[in-house]
Amino acid sequence: MQVANHNAWSALAISGNGGMKGAREIVVRKENDAYVAEDRYSLSYSQPELSPTQDVKLIFAKNEGGHTSWAVLLPMNACKGMSNKGTPMNYEILDIRQKMLWALGSTHSFGYHGSTRGSFEANLISGPVPEPSIGENTVVDLRMPNVTVETSPPATDLNNPYICGVFDLNEYVDSSQKLQAVKIEPVLNPDTEKYCHHMLLIVCDSAPDGFAHNKVIKECMGMPEGCYSVKYPWAVGSLPLEFPENVGMPFGMGKRWLVIQFHYYMNPVVSGVKDNSGIRIHFAKTLRPVNAGMAFLNGGANEDSRDPLPAGKSVVVANMTVPAQCTNKWDSDVTVLSSIYHGHLVGMYFDISVRRNNEYVGSLRYENGYDFQHQSLQESPTKTIKKGDELHLHCQYDTSTKTSPVKFGDFTDTEMCVAFFAYYPAQPVEDFSYQTLQPSRVGLYSSSCLSAGTGEYSSHSSCIQVYMEDVVQWLGFGSNAGFGAEQLCVPATFSQYANQVPFACPTCWQDNSCTKAALIQHGTEMCGYNCRETLGLSLYPDTSDTTPNVKETVYCGDEGVNFVPVVVHPPQCQHRGILDSQAARDIITSLQAPSPQAPSPQAPSPMPSPLPTSNADVDGVPSLQSGSFSTAFFLAIVLGLHFLDK
């Protein structure tokens, strides 16, 4: 690293998301008039701590003519273990673009960097990778129509407005034709960007009455009916989504209505704020041969999906497994482009791992510390998911500062366990939802399986009686006594809910021919399946199995799968690169640097390019200007990592 006109500590860091949480920092500073290199890590926005193992060697460091330069050597994989919060501290150096941070101090005493810091992305193995060409394209801007950012009834949380904008694709292009997006990116109003928490771009299969271009749905925590297909998730810190030159995300084909669901976060509440942020889509003028998809893993997003997280715990875990039965529904293996996790304020560490034949394959993302303020689609180190693979979503939380349980839900003070990944080619099943019966409800559901109903249902189980008399409770969505299967399973009603709970009614609902006997028979089949497959119980009047044995339930699209997850542990970390070796000493000797010279001024650049990837690149160091100082990034760690792989 070279820093012009600087004589104080300086640092580079590897980060999973562009923020400090979970980052590994390499700090170079003077101590007792001698330069030292320190290996540090951070779990929060506070001073990074010294790592228990110092896996760094200083190659050289000097200040001449007022300009500082230094280089360090790191192992490819230091196998650093876990932090005291139960999160990984290790970042293996991989051949992918990784988030990096830089910071400068004002003295050699390590402390707060103030505003002299920034971030960029770099591939520390292969160097810069050319961005894919998007070719000739048509640009469509979908922007919120100057909406007032405020919570509207019936919602009551003033800090968390959910507002939807409705857009007619026909206002921009011909939506009857097949279209392909080759790039999708956020367009944020700089005056209101600080209130923008996340957006979802969603395509509607059908349009509710009253849809119109630029219509605003002022309270939109739940999506409009018929609008479920997520094409692009954006959250704070996210970058544009760009596709390889033979791949595009499909739109159109008769689906004209798009919705942007916008979650704003205002704390404190500010009145009178208006926003016109949104999403820009680049549509290819020539169709590409491969369609992309966006997979959605919903491991918990509302009160009905999971029990609350207990308060006062430093580690609370929520897991979800997508079983092989789900990916076996695919037409082919898929290539993963990027992934993003989503949680809220007590989220600590998220991970998606791929498992094949009960063996660990790898992670879809390396992010050692989840950060609510830095959520982004990042390149995946595991590129291929095969048919029959399992996916395991791990969500870890820290509720140690909470005095009451934390519910799952849409609000910022609740929690989520959610992930997306962009991939190709598109598959018929890409939505996976956790529906496992929670411990707090096992007793209630067990009782309904094993006990008799009353009155006309005395020869049936009480589960069937609940289905016939309070189907809302039967579905687990609260209670609406008097609204049973006979009221639900008619065209005028069930057409609104068929996409969400297709199993709730037999097919006779479509022509309004369901008899009471047919509904009881359907309820018997559904109760029997749920009691037997989910709880391991028999259904009254059969009382042969009375001890619950709860299985995990995940929906692959609209089909539920019950199974017993297999515990698969990652293999033991393999250390790559021994710093106390002759190979390391030879590298340090060979990389003694010439005297640094001040880099010449250049226009600001988001990241150094090209990165040095061999000895010949040592002198060709790019510079980055920021404010009153110019920083040249000499990433000698690339050289060290490139060679120190033994």
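Cut-offs used in this document
Residues numbered from 1 in each chain as written. Predicted model: local features only at pLDDT ≥ 70, side-chain atom pairs only at ≥ 80, totals over all residues. Heavy atoms only, no water. Pairing = 2+ DSSP bridges. Helix = DSSP H or I, 4+ residues; strand = E, 2+ residues; numbered from the N terminus. pLDDT = per-residue confidence, 0-100. Contact = heavy atoms within 4.5 Å. Disulfide = S-S within 2.5 Å. Buried < 20%, exposed > 50% of the residue type's maximum accessible area, 1.4 Å probe, protein only.

Any chance you could explain the sheet that holds strand β3 (residues 24-31) here in plain terms?
Working definition: the strands of a sheet are paired by backbone hydrogen bonds and lie parallel or antiparallel to each other. Sheet architecture is open: six strands sit in the order β5-β4-β3-β2-β8-β9, paired in antiparallel fashion. Strands with a single pairing partner mark the edges of an open sheet, and in this sheet they are β5 (49-50) and β9 (117-123). Two elements, β3 and strand β4 (residues 34-41), share eight bridges in a ladder whose sense is antiparallel. The partner of Ile26 across the bridge, within β4, is Asp39.

Looking at this model, I keep getting lost on the confidence of the model for the protein chain. Mind explaining?
Caution applies to low-pLDDT regions: their predicted coordinates should not be interpreted in detail. The predicted model of the protein chain has a mean per-residue pLDDT of 86, with 91% of residues at 70 or higher. Per-element confidence in the protein chain is highest for strand β29 (residues 384-385), whose mean pLDDT is 98, and lowest for strand β36 (residues 629-632), whose mean pLDDT is 24. Across residues 595-644, where pLDDT falls below 50, the model places 129 contacts with residues more than four positions away in sequence or in other chains.

Looking at this structure, how should I read the state of the cysteines?
Throughout this description, disulfide means a covalent bond between two cysteine sulfur atoms. With the rule as written, the count across this model stands at nine disulfides. The disulfide bridge from Cys79 ends at Cys573, spanning 2.0 Å between sulfur atoms. Torsion about the S-S bond of the Cys79 and Cys573 cystine: about -85°, corresponding to left-handed handedness. With Cys79 in the loop between β7 (67-73) and β8 (97-104) and Cys573 in the loop between β34 (559-563) and α8 (582-590), this pair connects stretches of sequence that are 494 residues apart. For Cys79, a relative accessible area of 25% gives the class partly exposed. Residue Cys573 is classed as partly exposed on the basis of its relative accessible area, which comes to 37%. In this model Cys449 forms its disulfide with Cys531; the gap between the sulfur atoms is 1.9 Å. Handedness of the Cys449-Cys531 disulfide follows from its S-S torsion of about -90°: it is left-handed. With Cys449 in helix α2 (residues 439-450) and Cys531 in helix α7 (residues 516-534), this residue pair connects regions lying 82 residues apart in the sequence. The two residues Cys449 and Cys531 agree in class, both being buried.

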